[in-house]
Amino acid sequence: MTVPSTPTAPLPGAPFVSYRDGQLMVEGVLLSDLAHRHGTPLFVYSKAAILAALAAYQRGLAGRQALICYAMKANSSLAILKLLADAGCGFDIVSAGELERALAVGATPSQIVFSGVGKTRQEMRRALEAGVGCFNIESLAELDVLSEVAVSVGALAPISIRVNPNVDARTHPYISTGLKGNKFGIAHEQALAAYRHAARLPGLRVVGIDCHIGSQITEAAPYLEAMERVLDLVTAIEAAGIPIQHIDFGGGLGIDYNGDTPPAADALWRQLLARLDARGFGDRRILLEPGRSLVGNAGVCVTEVLFLKPGEQKNFCIVDAAMNDLPRPALYEAFHRIVPLTESGGANDAVTYDVVGPVCESGDWLGRDRALKVQAGDRLAVLSAGAYCMSMASNYNTRPRAAEVLVDGDSARLVREREAVQDLWRGESV
Ligand SMILES: *Cc1c(COP(=O)(O)O)cnc(C)c1O
């Protein structure tokens with residue numbers, strides 16, 4: 001009789017992933033069972049990890065009038081949205097498609113904020129009709145158009161202006177958004193004039209101010225800097241007779257991909273709110289828009305080794321997941337830890353591989369120079385795959401998108417079927 005052993009400590013950057021008897025589990029579920037049942041590539045998410053990440057924010061905001069609007073572009077699968085809606089989250093959306101997803105899981109429309117630099121008139125109309133809580137406006141032209149659209153449907157659009165505080169989030173240039181050279185937001189220097197303009201437009205009602213300085217931020221300093229600059233603006237805007245009811249500090253908090261040490265959400269927000277109080281704005285409603293930090297470390301992608309291909313300069317480990325499933329390495333040279341589903345013991349005879357997918361692009365790699373002890377047919381887990389993976393997945397090379405499973409304790413539920421090849425040419429004609 002085998003004695004069930006206790007799991008080892010969770011893996012770094014994967015708080016609910018651990019080995020038990022040498023087998024990798026998410027919470028109480030064996031990943032190899034899930035892979036056997038549902039095939040690979042397969043995304044698996046831990047409900048407990050998502051709720052724990054949310055709880056850290058909730059602790060940090062305890063006692064405040066605050067709303068956490070999950071930035072659903074990080075992972076917009078309905079099961080995850082439902083989980084977060086039930087846990088009290090609103091949503092930060094960036095398209096009418098995301099609005100429909102939020103409404104499909106029963107989100108409260110007034111708890112939805114609509115961000116993005118390029119909202120169409122049609123999207124504005126649909127969001128007004130649904131009754132979203134706030135439009136986060138990113139340009140003067142957008143103010144005018146939204147006012148026009150609102151007047152045409154007899155609505156008053158609640159708005160905040162996304163200001164660009166010109167703060168360096170010290171993150172990858174592709175995910176830094178708070179600097180002058182970015183397409184996002186209205187420059188700090190023009191923000192007051194933009195608010196005066198907005199206050200005069202007939203279809204708009206100013207309700208807040210908003211900023212979002214980037215993503216995968218691993219220090220508190222950029223947040224503090226941005227907060228000071230936003231509060232300077234609130235002072236100036238209110239002096240001009242325009243009250244600001246809520247302050248939206250965006251998202252952007254980083255996660256541990258490769259030994260990164262971002263501040264914990266509760267500690268960060270306690271620190272930031274202390275500063276907010278010190279400046280006399282403690283009474284304002286706070287909105288946050290976290291995406292990655294709620295779901296990123298809660299997901300893994302399970303993949304199967306197809307072939308090992310030794311080479312003169314490089315050894316390749318070719319797996320069945322690719323850049324269409326996990327686009328972050330190709331897009332940002334991002335690092336994801338990759339571990340075997342069956343613990344391989346001593347790393348002595350490990351071989352260094354580039355882990356690559358089957359897509360016909362040299363950019364199709366998932367990890368470079370990884371020491372692994374693997375054979376064809378073995379399975380691997382790509383960690384920290386909960387954010388900006390499935391939501392960025394494509395059908396490049398006519399590859400159906402992966403299936404998704406949500407784990408809750410000892411049970412697992414398929415929450416998205418693997419796409420069928422026939423789905424991929426729906427709507428096409430010869
Ligand atoms: C992407 C985005 C977020 C979320 O960013 P994370 O780094 O995933 O937390 C929040 N607000 C806006 C406006 C965004 O574009």
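Residues numbered from 1 in each chain as written. Predicted model: local features only at pLDDT ≥ 70, side-chain atom pairs only at ≥ 80, totals over all residues. Heavy atoms only, no water.

### Concerning the overall build of the protein
Stage number 1. Within the protein one finds 11 helices and 21 strands.
Stage number 2. Scaling as 2.2 N^0.38, a compact globule of 430 residues should have a C-alpha radius of gyration of about 22 Å, and the protein matches this with 23 Å.
Stage number 3. Its C-alpha atoms put the protein at 70 × 60 × 45 Å along the principal axes.
Stage number 4. Residue burial in the protein is summarised as follows: out of 430 residues, 52% are buried.
Stage number 5. In the protein, 69% of the contacts between residues at least 6 apart in sequence involve partners at least 24 apart.
Stage number 6. Total accessible area computed for the protein in this model is approximately 18,100 Å², and 51% of it derives from carbon and sulfur atoms.
Stage number 7. On the protein, the mean spot of the 40 positive side-chain charges and the mean spot of the 47 negative ones are 4 Å from each other. (Helix = DSSP H or I, 4+ residues; strand = E, 2+ residues; numbered from the N terminus. Rg over C-alpha atoms; globule rule 2.2 N^0.38 Å. Buried < 20%, exposed > 50% of the residue type's maximum accessible area, 1.4 Å probe, protein only. Contact = heavy atoms within 4.5 Å. Areas by Shrake-Rupley, 256 points an atom, 1.4 Å probe, with all protein chains shown as cover. Lys, Arg positive; Asp, Glu negative; His and termini not counted. Charge placed at Lys NZ, Arg CZ, Asp CG, Glu CD.)

### Focus on the side chain of Asn136
Stage number 1. Its place among the elements puts Asn136 in strand E8 (residues 134-137).
Stage number 2. With a relative accessible area of 0%, Asn136 lands in the buried category.
Stage number 3. Within the structure, Asn136 has its side chain in polar contact with the side chain of Ser115 (distance 3.1 Å).
Stage number 4. Setting aside anything within four residues of it in sequence, one finds Asn136 in contact with Asp92, Val113, Phe114, Ser115, Gly116, Lys119, Glu142, Ser160, Asp210, Asp248 and Glu289. (Polar contact = N/O pair within 3.5 Å; in protein donor to acceptor, adjacent residues only side chain to side chain.)

### Focus: the domain arrangement of the protein
Stage number 1. Domain parsing of the protein yields domain 1 (17-46 + 296-425) and domain 2 (48-294).
Stage number 2. Here the C-alpha centre of domain 2 lies 32 Å away from the C-alpha centre of domain 1.
Stage number 3. Residue-level contacts link 23 residues of domain 1 with 21 residues of domain 2.
Stage number 4. Regarding the contact of domain 1 and domain 2, the summed buried area is about 2,000 Å², with carbon and sulfur atoms giving 52% of it.
Stage number 5. When the buried area of domain 1 at its contact with domain 2 is split by residue, Tyr332, Arg337 and Tyr388 rank highest and sum to 29% of it.
Stage number 6. Between the two partners, domain 1 and domain 2, sit one salt bridge.
Stage number 7. For the pair domain 1 and domain 2, the number of links is 15 residue pairs in polar contact (both at pLDDT 80 or more).
Stage number 8. For the side of domain 1 that touches domain 2, the elements supplying multiple residues, two or more each, are strand E4 (42-46), helix H11 (328-332), strand E20 (403-408) and strand E21 (411-416).
Stage number 9. Counting residues per element, the side of domain 1 that touches domain 2 draws most heavily on H11, at three residues.
Stage number 10. Grouping the constituent residues of the side of domain 1 that touches domain 2 by class yields 11 nonpolar, seven polar and five charged. (Domains from an automatic or database assignment. Buried area = accessible area lost by both parts, 1.4 Å probe. Salt bridge = Lys/Arg side-chain N within 4 Å of Asp/Glu carboxyl O. Nonpolar A, V, L, I, M, F, W, Y, C, P; charged D, E, K, R; others polar.)

### Some details on helix H9 (residues 265-278)
Stage number 1. The terminal C-alpha atoms of H9 lie 20 Å apart, and with 14 residues this matches the ideal 20 Å at 1.5 Å per residue to within 8%.
Stage number 2. Of all the positions in H9, only Ala265, Asp266, Leu268, Trp269, Leu272, Leu273 and Leu276 are classed as buried. Seen along its axis, H9 keeps its buried residues to an arc of 155°; they face one direction.
Stage number 3. Of the surrounding secondary structure, the elements contacted by the buried residues of H9 are helix H2 (47-60), helix H8 (221-239), strand E12 (246-248) and strand E13 (285-288).
Stage number 4. Just past H9, the residue Gly280 takes up positive phi, approximately 85°. (Expected span 1.5 Å × (residues − 1). Arc of directions from axis to C-beta.)

### Here's the deal with the packing of aromatic side chains
Stage number 1. Counted according to the given criterion, the structure contains five aromatic pairs.
Stage number 2. Considering the side-chain rings of Phe43 and Tyr45, the 6.4 Å spacing of their centres and the 15° angle between planes classify their relative orientation as stacked. For the pair Phe43 and Tyr45, a shared accessibility class is recorded, and that class is buried.
Stage number 3. Plain terms: the ring middles of Phe114 and Phe135 are 5.9 Å apart, the flat faces sit at 35° to each other, and that makes the pair tilted. Pair noted here: Phe114 is in strand E7 (residues 112-114) and Phe135 is in strand E8, with a separation of 21 residues, a long-range link.
Stage number 4. Ring pairs connect the aromatic residues Tyr223, Phe249 and Trp269, which therefore count as one cluster.
Stage number 5. One residue, Lys119, lies across the ring of Phe114, its end atom 5.4 Å from the ring centre.
Stage number 6. In this arrangement the basic side chain of Arg368 is found over the ring face of Trp365, its NZ or CZ atom lying 3.9 Å from the centre. (Phe/Tyr/Trp six-rings, centres within 6.5 Å; stacked < 30°, edge-to-face > 60°. Lys NZ or Arg CZ within 6 Å of the ring centre and 35° of its normal.)

### Observations concerning helix H5 (residues 121-130)
Stage number 1. All of the buried residues along H5 are Glu123, Met124, Ala127, Leu128 and Ala130. Taken down its axis, H5 places every buried residue within 160° of arc, on the same side. Facing away from the buried side of H5 by over 90 degrees, the exposed positions are Gln122 and Glu129.
Stage number 2. On its buried face, H5 sits against helix H4 (96-104), E7, E8, helix H6 (140-152) and strand E9 (157-164).

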